[in-house]
Structures are given as C-alpha cells and as structure tokens.
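Okay, here's what each chain looks like letter by letter:
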Amino acid sequence: MGSFGNILMRIRLATIGLIVLLTAGMVAAEDVRVGAVVRSDTVYAGVPFVVGIVVENTRSGASVDVSSWRAWNPRQGGTSNESQSTVTIINGRRTSSEVLRYVINYELTIDELGRFTLPSVTVEVDGQQYRTRPLTIETQRPSTSDRLGIETQFSELDVYVGQPITMMVYCYYDQMRNCSFDIPVLRDTDDFVIEELELPANMGGQQVELNVEGRMVVGRQGVSRYNNRQSNAIVFGFMLTPRREGVIEVPGASVVVDRAVGRDVWNPQYRRFVADSDGVDLRVRALPSDGRPSDFSGLVGRYEIETLADVTDVSVGDPITLTIAIRGDNLAAVEMPDLAEVAGFTDSFRLPSDYPVPEVEGDRKVFRATIRALNAEVDEIPAISLSYFDVDAGRYFTAYSEPIKLAVATTQRHSSAEAVGLMPTLRVGSLEEAQQGIAANYEGDDLLTVQTTPAWQNLERWPWLLVGGLPVMVFASAVVVRLVGRNDPVKQKARRKAGALAAAKRRVKRVGRGSKDEDAAAVGEALRGYVADKFDRTAQSLTAKDCEELLTKSGVGDDTAARFGQLLQRCESSRFAGSAGAKETLRAGDVLAVLKETERGLK
C-alpha cells in the first residue's frame, strides 16, 4: 500500500505541476503588451527620426502593419533585444525574474513644422492582433549656419525619356558629427532608374563611404571654399534615368549634422544644424515614333562603337578574338550586339554559343567574342551597327564600326592514308625502342637497322657549335641580366624617384588645353604624382597636407613646401567647388616653377 500511495502522490504532484504550467502559459499569453515610443528627445522637421514598436512578454516573433504611417515614408531600421534578467537573494533565498522585451525600429520623416499625431499600428503575435496607442509629435526647426551648406547640380534639365543625367551633391561644413543626408529623389523609383555614380580618382581628395538613404555611397572628401571661407567638402553623385515624360519636380536635398556649441572644449554641447538645397523642375520629353529603327534597343544619349581583331592573317577555322567597344552616356544599358543578326556574320563565320562577361574599361564597355572564318572567300569582318536616339540632334541615329580586312588562307586537308604517306621514314636506335610510342605502329626491315653516328663525327661538330652558339649565349645572358635588373625593387624605386620631375612636367603640359576642371585635375595629378614618385607612395591617397609634411621632413624649405601644398589645395578647391565657389585659373608656368623649386630643395 505504501508503494501504491507513493505512486498516487506522484500522479497528484505531476497533475498539479501541469496545471501550473498551463495556467502560467495562459497568463503569459494574456500578458503580451505592445506600444510605440519615439527614440529621440526632439523631432526636427525634414530630419529622419526613429519610432520603436515595443513588444513585451513573448518569445515569438511579431509582424507590424505600418500602413497608417505611409505619409511619413516609414523604413524598418532593425530590431533590438532589450530583455532583462534579475536575480534577488534575501535571507539566502534566491529569486530570479525575467522581463522579455524587444523593439522593432522604424525611421520616419515629417517634413512640415507643427504638431502631428501618428495613428496606432497593428502588431500580430502568435495570430493575435494588438494595437499601439497613437503618438503625438511636435516638430521643431533645426538651427542653420553659414558654415554648413548643401548644393545639388544636374547635368541637364531638359531631357528625353531614357536619357541618363548626373546629379552631383556637394556638402560644405566646418565640423560634423552624426551626419544625415535626406535626398528625396533617391526614393522616387517610379519616376527614375537610379544608379550610383563612380567619381574619378583624379578628382582629388580622399575616398569616403557614406550612408545615403540606406545606400552605401562612395564619395570624395577634400577642401573647397564656401561663403568666402575655406571649408571641408564632401562630393558624391548619382545617375538618374527618367522613366516617364512630363515635368518632374525634383525636391531639394538636405543635410543634418550635430555641431559643438559653447566654449567648453572638454565637455562640448552639441546642437543639431540643417542646410537645404533648392529643388528643380526636370522637363522630360517622349521619344518620337517617326524614324525609329527596327533594331533600336532603347539607348538614349551619345554613343560610339568600334571593333578590333587580334589577328587578320589566318587560315580557315583559326580563332579570331573580336573586341567590340562601345562608348556612351549610360554603359549600364549597353548590351552585346547580336552578331547572328548582323549581315555577313552567319554566312562567313562560326559564332560562339555564349560570350564572356563584358568589362567596363574607363569610359567604354568591352565585349569579346571568338569567331572563325568558314571559308577562304571571307575577306573582312563586317561593320556592326548600334542604333540609339541622339539627344543633340533630336533624332534616331545608327553608328557603325569600321569593317576589318582579313586574309584567310585555305587549310590543306589530307586523308588518313595521305597523312601516313607524308610521314618521314622512322629510324630507331635499338630493337627495344620500337616497343613503345608511335614507332610501335610501323613495320619493316628499317626497324631492324641500328642507326648510329660515329663518335668522330660528333667531335667534329663541337668547335662549330661553340663558334655559332657563343654569341647567342652571350646575348641571352645579357637579356637575363637586364630583366633581373629591371625587376629589382630597389632599382625600380630609384628610377621612379629620378624620373619624378620629368613625369610631372609631362602632366603639366596638358594645362590650358581643356576646361578649368580639366586643368585642375592635370595639375593635381602632376603634384601628387611627383610626391608619390619621390617618396614611393600611392598618388591617390595623398592630400595637400600629406605632401607638405613629406616635403618639409625631407629638407625642403617651409616656404616652398607651403607653396606646394597651397597649389595642390587650390586644385582640390576648384574640383570640389561646384557652383558655390570660383574655379581656379591655373598656369603651367606657375606650376613648373613650384616643381623646380621643390626639386632643388630635395637635392
């Protein structure tokens, strides 16, 4: 009975435990709470802010319907787990508790000043729906400063559908913390195809990565002039391709930063500042239907096509690498021409079944294909056409590559019997040698004859081999020595250093042949290249301050090093000026004078 009583007791305890667990689960399910909270003390008009959706007392995931916030462009900004566990020990008794909480963050932007109410949103947890309470928000206007500015520039404002234009963004500042850009046009994917614009390395400045509208953008950071003061500057850009016709209003951009205020350098106080640029109206015209070529693929702008063959003197069936290079305004939209549709290709050449991935080389997109002439009557690679809409002429145009002349020889063919007959009589040195290799396929008395060369004949050849081979050996040795010398890193560095001034002079010769921007780029390239060659550095990574410090430490006078740095800074200022500052007028003579003075200081 005692044993049976124990069993009953265990069953009762297990049942009680199960009831407790089920009850706790019901309480937890009923205790799920949701709410919404603004994650910043102040909300500024036109500046993104974060609202957190708080979900408590559940380990399950939650889905949030923020459609009621659509007017403020909500974007999810990640989830944070803010659960807490606590342990309390009183009189040796240990008590633990856990608060389950995680927050789903959303970034919103209210452009206007005033008082606004964010409606409640629906949160679903385990199939059960909960609603947050509405939030009341009052927006304020950030401070402005004449040391903070932003400017947007468009390459053109009167374009056609499908014509790419560039939008450059220039930001000027003296100090910056917690920088945030708001560029509404980047969210307008209904009206534009948007691509990041890669800035050229010769623009100067240092490469920086920026978070712009959720995109990681590579820009350039340098110095410029803004409001008649020297200023830091950041430049980045995008390519916009309009999808529809009509007048598209492009809103202005804004930048928000935290700047230190007050005079306490040890415990600075920060305040939020904002700068805005003006919006523009973009006029987009539809492409005409008259004169549209049948092979028009949608390219709009300005384009050129050229072809190149790696060999032009071939035999029937020999591989020919055909390179097709296309230059134009929107290389991303350029596709490989269909050679099967080009007259003269399918009849004269065997075409590949697939093509290598195209490459972008500078300002052109390059396609390569291996083709083979089918017969000896082929005398050229035909011209390849490229149809596009010429925005300058306002009409469709077809560009052609130049035909490439070929000399194709007939491949001599032989039957298998003729191929055997053309083989020279095979001689072997011993009976065993005929047991392997191709000699094993021949029969006849010749295989039984041992063909040897008398030793005295080999001795007679040695003097002639020495006389004839000695010059070749001497020449080969000289070539090897020269190649080894050219690849010696120490000698390469010395040659680079010795030729620094000459290389810089060649770059300066381009000054005066193009625009002020091109002159600034040429001078900046010359100055940075000179210092890079002298000190074995990478030119693109050097700033004006870096160059001035290197020259000063190497014995160049302070005044000369300062003039060198100021000249390079003028180049960068001109490149980063946009329309906010004057473009520098640079003269080749002035640049050469600074270079020569620097060269004398380094000797």
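Residues numbered from 1 in each chain as written. Predicted model: local features only at pLDDT ≥ 70, side-chain atom pairs only at ≥ 80, totals over all residues. Heavy atoms only, no water.

1. Re the overall build of the protein chain
Along its length, the protein chain carries 10 helices and 36 strands. Pairs at least 24 residues apart make up 67% of the contacts formed inside the protein chain by residues separated by at least 6 positions. (Helix = DSSP H or I, 4+ residues; strand = E, 2+ residues; numbered from the N terminus. Contact = heavy atoms within 4.5 Å.)

2. Some thoughts on the environment of Met-203
Position of Met-203 among the secondary structure elements: in the loop between β17 (192–196) and β18 (206–212). Classification of Met-203 as buried rests on a relative accessible area of 7%. C-alpha of Met-203 to C-alpha of Ala-521: the two residues are 318 residues apart in sequence and 6.1 Å apart in space. (Buried < 20%, exposed > 50% of the residue type's maximum accessible area, 1.4 Å probe, protein only.)

3. Notes on a positive patch on the surface
Residues Lys-505, Arg-506, Lys-509, Arg-513, Lys-596 and Arg-600 make up a contiguous surface patch of positive charge. Among the elements of the structure, α6 (500–508) and α10 (588–602) are those that each provide at least two residues to the positive patch. Along the chain, the position of Lys-505 falls in helix α6. (Patch = residues over 30% accessible without salt bridge, like charges linked within 9 Å, V, L, I, M, F, W, Y side chains within 5 Å. Areas by Shrake-Rupley, 256 points an atom, 1.4 Å probe, with all protein chains shown as cover. Salt bridge = Lys/Arg side-chain N within 4 Å of Asp/Glu carboxyl O. Lys, Arg positive; Asp, Glu negative; His and termini not counted. Charge placed at Lys NZ, Arg CZ, Asp CG, Glu CD.)

4. Brief notes about the nonpolar core
Counting residues in hydrophobic clusters, the biggest one holds 34 residues, and the most contacted among them are Met-167, Ile-183, Val-212, Phe-236, Phe-238 and Leu-240. No other element matches strand β15 (residues 165–173), which puts 5 residues into this core. If we ignore the near neighbours within four places in the chain, the residues touching Met-167 are Gln-153, Phe-154, Ile-183, Val-185, Leu-186, Phe-236, Gly-237, Phe-238 and Leu-240. By size, the runner-up hydrophobic cluster in this structure holds 29 residues, among which are Ala-309, Ile-371, Ile-384 and Ile-404. (Core = buried A, V, L, I, M, F, W, Y, C linked by side-chain atoms within 4.5 Å.)

5. Details of the packing of aromatic side chains
For any pair of aromatic rings, the description consists of the separation of the ring centres together with the inter-plane angle of the planes. According to the stated counting rule, one finds 10 aromatic pairs in the structure shown. A centroid spacing of 5.9 Å and a plane angle of 65 degrees characterise the contact between Tyr-388 and Phe-397, whose relative ring orientation is edge-to-face. Here Phe-397 falls in the partly exposed class, since its relative accessible area comes to 32%. Considering the side-chain rings of Phe-389 and Tyr-396, the 5.0 Å spacing of their centres and the 75 degrees angle between planes classify their relative orientation as edge-to-face. Of the residues examined, Tyr-396 reaches a relative accessible area of 7% and is grouped as buried. Members of the aromatic cluster, each reached through a chain of ring pairs, are Tyr-160, Phe-296, Phe-389 and Tyr-396. The side chain of Arg-259 reaches across the aromatic face of Phe-273, ending 4.8 Å from its centre. (Phe/Tyr/Trp six-rings, centres within 6.5 Å; stacked < 30°, edge-to-face > 60°. Lys NZ or Arg CZ within 6 Å of the ring centre and 35° of its normal.)

6. Re the layout of surface pockets
In this structure, the largest pocket spans a volume of roughly 520 Å³. When contributions to the lining of the largest pocket are tallied by element, the ones reaching two or more residues are β2 (43–44), β3 (49–56), β5 (75–81), β16 (180–182) and β18. In the lining of the largest pocket, the residues fall into 9 nonpolar, 9 polar and 8 charged. (1 Å grid on protein atoms, 1.4 Å probe; cavity = no way out; pocket = protein on both sides within 12 Å on 5 of 7 lines; lining within 4 Å. Points joined across faces, edges and corners; volume = space filled by probe spheres on them. Nonpolar A, V, L, I, M, F, W, Y, C, P; charged D, E, K, R; others polar.)

7. Focus: α6
Residues of α6 that are buried: Ala-500, Leu-501, Ala-503, Ala-504 and Val-508. Relative to the axis of α6, the buried residues are bounded by an arc of 160 degrees and lie together on one face. (Arc of directions from axis to C-beta.)

8. Points about the confidence of the model for the protein chain
Per-residue pLDDT for the protein chain has a mean of 80; in total, 80% of the residues score no lower than 70. Segment residues 1–9 is flagged for pLDDT under 50; beyond a separation of four residues in sequence, or across chains, it makes 0 contacts in the model. Throughout residues 13–30 the model reports pLDDT below 50, and contacts reaching past four residues in sequence, or to other chains, amount to 2 contacts. (pLDDT = per-residue confidence, 0-100.)

9. Some details on unusual backbone geometry
Positioned with a positive phi, Asp-126 is a non-glycine residue whose angle comes to about 55 degrees. Mapped onto the elements, Asp-126 comes out in the loop between β10 (122–125) and β11 (128–131). Since its relative accessible area comes to 61%, Asp-126 is described here as exposed. Of note, Asn-228 is a non-glycine position whose phi angle comes to about 65 degrees, a positive value.

10. Some remarks on the sheet that holds strand β14 (residues 158–160)
Read across the sheet, 3 strands follow the order β14-β24-β21 without closing on themselves; strand pairing throughout is mixed. Two strands close off the open sheet at either side, each with one partner strand: β14 and β21 (246–250). Direction aside, neighbouring strands of the sheet carry axes that sit 30 degrees apart on average. (Pairing = 2+ DSSP bridges. Axes fitted to C-alpha atoms, helices over the stretch in contact; angles between N-to-C directions.)

11. Focus on the sheet that holds strand β34 (residues 395–400)
Remark on secondary structure: sheet strands pair via backbone hydrogen bonds, oriented parallel or antiparallel. With mixed pairing, the 3 strands of this open sheet are ordered in space as β25-β33-β34. Two strands close off the open sheet at either side, each with one partner strand: β25 (300–301) and β34. Here strand β33 (residues 385–390) runs beside β34; their pairing, made up of 6 bridges, is antiparallel. Each residue of the ladder has a partner; that of Leu-386, found in β34, is Ala-399.

12. Let's talk about the pattern of salt bridges
Under the definition given, this model contains 31 salt bridges. One salt bridge connects Glu-361 with Arg-368, and the closest N-O pair in it is separated by 3.4 Å. Judged by relative accessible area, which is 31%, Arg-368 ranks as partly exposed. Note that Asp-533 is salt-bridged to Arg-496, the shortest N-O span being 2.7 Å. Note that Asp-533 is positioned in helix α7 (residues 516–535) and Arg-496 in helix α5 (residues 489–498), a separation of 37 residues in sequence.

13. So, the packing of α6 against α7
Geometry of a packed helix pair, given as the angle between the helix axes and the separation of the axes. Look at α6 against α7: their axes get within 8 Å of each other, and the N-to-C directions meet at 170 degrees. Taken together, α6 and α7 sit at an angle that is classed as roughly antiparallel. Mapping the contact onto sequence places Ala-500, Leu-501, Ala-503, Ala-504, Arg-507 and Val-508 in α6 and Ala-522, Glu-525, Ala-526, Gly-529, Tyr-530, Asp-533 and Lys-534 in α7. Residues that form the contact of α6 with α7 fall into these classes: 8 nonpolar, 1 polar and 4 charged. (Parallel < 35°, antiparallel > 145°, perpendicular 65-115°, else oblique.)

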